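# Commentary on secondary and tertiary structure
Here's the letter readout for the chains.
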Amino acid sequence: MLHTTEGQSWPGYSGGGVAPHLTALPDFANERLVWRQHFPVTMSARALVNRAGGVETNTANCIQVELVGTSGWATAANKHADYRLADKWCWATHATDWMIRDLGAFIAWCHAEWGVPISAPYAFDTWAGNNSHRMSFAQWRKFKGVCGHSHVPENEHTDPGAIPIAKILAAANGGTTTSTTSGDDDMQQSDWVRMTALVRNEIAYAHLEGQAQLINNAKAVSVENQKRIEKARAEIENTRTQLHGDIGVVQSQNAQLAARLDALEVKLNGDSQ
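Predicted, not measured: the structure shown is a model, and the values here were computed from it.

## Describing the confidence of the model for the chain
- On average, the chain scores 79 in pLDDT, and the residues at 70 or more come to 65%.
- Note on residues 176–190: pLDDT under 50 across the span, and 23 contacts to partners over four residues away in sequence or across chains.

Take a look at the structure:
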């Protein structure tokens, strides 16, 4: 299931609370997609709305990918200052051959590894006010293939807009793309095999990078907890010391009181003779 971030850099996803499984960032200088993994695909991601009492969305065996870029904002209907339909970050109008190639290779990987059909039964239309292809609960439960945020029930977003899904699926099937931004030759089968392997390695690296970050976070939490434990121990020791001091004072006062009572008793005994 494809999203667009509506931005031009890595999102923070509220600390992972609304993260997909993976994010793909176009690297225009090196003409490739750079991948980051946030959850294993065997776990549910968090990027979809899931309303109470309806249908499951995030937990419905759905691999979610956020594409850094826009679905086509800043039209007469929505003049959003940060995005432009003519901008290179717009997947709907400016997806380059290498963006299509790498996304297609990822879909091919999903097909090879997880049996995801290389098909998109529902149209990817322009983002603006488009809810006409939103699936029903029953359609969503049965769905297999590639879809967009615009197709998911219980959700209102219409990204990724009119991305060139036919070209993306053709690339996933090992086909060629028509060059629109460079003079490169059409991608050959050997290139597709190479790119599929490259994307697989990129995803594996992203997974390891994500695992390393989780380990570092766990270490940070462990260090912080250790600090709390040491602080608690110190407070307990201070309290114990103070308590012992208080007991010592009481014992001293009791001893003085006992001595005074003894002296008084002696005096009383002397007076009574």
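Structure's up, so let's keep going.
## With respect to the pattern of salt bridges
- Applying the stated criterion to the full structure yields three salt bridges.
- One salt bridge in this structure joins aspartate 27 and arginine 32, with 3.7 Å as the shortest N-O distance.
- By relative accessible area, which is 17% here, aspartate 27 ends up buried.
- For arginine 32, a relative accessible area of 29% corresponds to the partly exposed category.
- The salt bridge involving arginine 101 is made with aspartate 102; its shortest N-O contact spans 2.8 Å.

## Regarding unusual backbone geometry
- Looking along the chain, the bond that leaves aspartate 159 and enters proline 160 is cis, with omega of 10°.
- Assignment of secondary structure puts proline 160 in the loop between helix H4 (137–142) and helix H5 (165–172).
- If you check the backbone angles, glutamate 154 has positive phi at about 70° while not being a glycine.
- Tracing the backbone through its elements, the reader meets glutamate 154 in the loop between H4 and H5.
- The exposure class assigned to glutamate 154 is buried, which follows from its relative accessible area of 12%.

## Re the sheet that holds strand E3 (residues 32–37)
- With mixed pairing, the four strands of this open sheet are ordered in space as E1-E4-E2-E3. Each edge of the sheet is formed by a strand with only one pairing partner; in this case those strands are strand E1 (2–4) and E3. Adjacent strand axes in the sheet meet at a mean angle of 30° when their direction is disregarded.
- Across three bridges, the pairing between strand E2 (residues 22–27) and strand E4 (residues 65–67) is parallel. From the neighbouring strand, alanine 24 faces E4, where its bridge partner is leucine 67.
- Contacting E1, E2, E3 and E4, helix H3 (residues 97–114) runs over the sheet at an angle of about 40° to E3.

## Looking at H3
- Taking 1.5 Å per residue, 18 residues should reach 26 Å; H3 reaches 25 Å between its end C-alpha atoms and fits that length.
- Summarising burial for H3: 14 of the 18 residues are buried, a large majority.
- Glycine 115 lies just past H3 and shows a positive phi near 75°.

Reading the values: rules and limits
Residues numbered from 1 in each chain as written. Predicted model: local features only at pLDDT ≥ 70, side-chain atom pairs only at ≥ 80, totals over all residues. Heavy atoms only, no water. pLDDT = per-residue confidence, 0-100. Contact = heavy atoms within 4.5 Å. Salt bridge = Lys/Arg side-chain N within 4 Å of Asp/Glu carboxyl O. Buried < 20%, exposed > 50% of the residue type's maximum accessible area, 1.4 Å probe, protein only. Helix = DSSP H or I, 4+ residues; strand = E, 2+ residues; numbered from the N terminus. Pairing = 2+ DSSP bridges. Axes fitted to C-alpha atoms, helices over the stretch in contact; angles between N-to-C directions. Expected span 1.5 Å × (residues − 1).

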